Amino acid sequence: TLSLHDALPIYMWIKLLGICLVCVSCAGIGGGEALRLIDRRRFLEEVKRIAAGLRGEIGYTQAVLPLALCRAGARGDGKAGKLFLVAGERLEANPECPFGSIWEAVLEEQGIRPMLGTEEWELMCRFGNSIGYLDLEMQQKTLALYLEELERAIEQLRREEPEKKRLCWGLGILGGLFLAVVLM
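Definitions and limits used
Residues numbered from 1 in each chain as written. Predicted model: local features only at pLDDT ≥ 70, side-chain atom pairs only at ≥ 80, totals over all residues. Heavy atoms only, no water. Axes fitted to C-alpha atoms, helices over the stretch in contact; angles between N-to-C directions. Helix = DSSP H or I, 4+ residues; strand = E, 2+ residues; numbered from the N terminus. Parallel < 35°, antiparallel > 145°, perpendicular 65-115°, else oblique. Left-handed = near helix turned anticlockwise from the far one by under 90°. Contact = heavy atoms within 4.5 Å. Nonpolar A, V, L, I, M, F, W, Y, C, P; charged D, E, K, R; others polar. Phe/Tyr/Trp six-rings, centres within 6.5 Å; stacked < 30°, edge-to-face > 60°. Buried < 20%, exposed > 50% of the residue type's maximum accessible area, 1.4 Å probe, protein only. pLDDT = per-residue confidence, 0-100. Salt bridge = Lys/Arg side-chain N within 4 Å of Asp/Glu carboxyl O.

### Describing the packing of helix H5 (residues 118-129) against helix H6 (residues 136-183)
Where H5 contacts H6, the two axes come as close as 11 Å, and the packing angle between them is 165°. What the angle tells us is that H5 and H6 run roughly antiparallel. For the pair H5 and H6, the sense of crossing is left-handed. Residues Glu119, Glu120, Leu123, Met124, Arg126 and Phe127 of H5 lie in contact with H6, whose contacting residues are Leu143, Tyr146, Glu149, Leu150, Ala153, Gln156 and Leu157. Among the residues forming the contact of H5 with H6, the class breakdown is 8 nonpolar, 1 polar and 4 charged.

### Focus: the packing of aromatic side chains
For the structure shown, the criterion picks out 6 aromatic pairs. Taking the centre distance of 6.0 Å and the plane angle of 55° together, the rings of Phe84 and Phe127 count as tilted. Of this pair, Phe84 sits in helix H3 (residues 78-93) while Phe127 sits in helix H5; the two residues are 43 residues apart in sequence, bridging distant segments of the chain. By relative accessible area, Phe127 is classed as buried at 1%. Here the aromatic rings of Trp103 and Phe127 are separated by 5.0 Å at their centres, their planes lie at 65°, and the arrangement is edge-to-face. Here the residue Trp103 occupies a position in helix H4 (residues 99-109), and Phe127 occupies one in helix H5, the gap between them amounting to 24 residues. Aromatic ring contacts, followed pair by pair, group Phe84, Phe99, Trp103, Phe127 and Tyr146 into a single cluster.

### Here's the deal with the confidence of the model for the protein
Of the residues in the protein, 94% have a pLDDT of 70 or more, and the chain-wide mean is 88. At the low end of the mean pLDDT range in the protein sits helix H1 (residues 4-59), at 88; at the high end sits H3, at 92.

### Focus on the pattern of salt bridges
Inspection of the entire model under this criterion finds 15 salt bridges. In this structure, the salt-bridge partner of Glu57 is Arg75, at a minimum N-O distance of 2.5 Å. Here Glu57 is found in helix H1, whereas its partner Arg75 is found in helix H2 (residues 65-75), with 18 residues between them in sequence.

### Details of the side chain of Glu120
You can see Glu120 is positioned in helix H5. Ignoring sequence-local partners within four residues, the contact set of Glu120 consists of Arg40, Leu44 and Leu157.

### Section: the packing of H2 against H3
The geometry of H2 relative to H3 is characterised by a closest axis approach of 7 Å and an angle of 155° between their N-to-C directions. Accordingly, the angle class assigned to the pair H2 and H3 is roughly antiparallel. For the element pair H2 and H3, the recorded crossing hand is left-handed. Along its contact with H2, which presents Leu65, Pro66, Leu69, Cys70, Gly73 and Ala74, the element H3 presents Gly81, Phe84, Leu85, Ala87, Gly88, Glu89, Leu91 and Glu92.

Quick look at the structure:
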């Protein structure tokens, strides 16, 4: 049997191991949040690339909106490509439904809202409400304006990203250290 004197070092090692695991876990949470910031910017960059392709589909091939959305979405990657593809398929299946409501429903279903900030979310919703019912020239101009707004949002994220990533990592590490002190 172990005496209290013999068990104390084992208890201290277990406690130290637990404190280290808490610190590493909290730092990992901070790192995960930093990666979410990067994913947010990359998603918007992909949306911009697909929207530019959509502009070409509408302007040069003069494709109807459902077909143009499907073609542009098929050229995209990840969530952004699937977003445009699903929206095009829905619009083709329900041509009487306004594109804005279809777009917002697809945004919600694809889980886009949690990954975007408020301004980016409003920008994405505005896109759906401002396209689909105008003539060819107005759709081109609307898409050009949307691309400019999207570029401004991406540039703002690029400027803020390094500082916010450091903040996420720092808060994760400090939170871990705080919990370690509390556990001692």
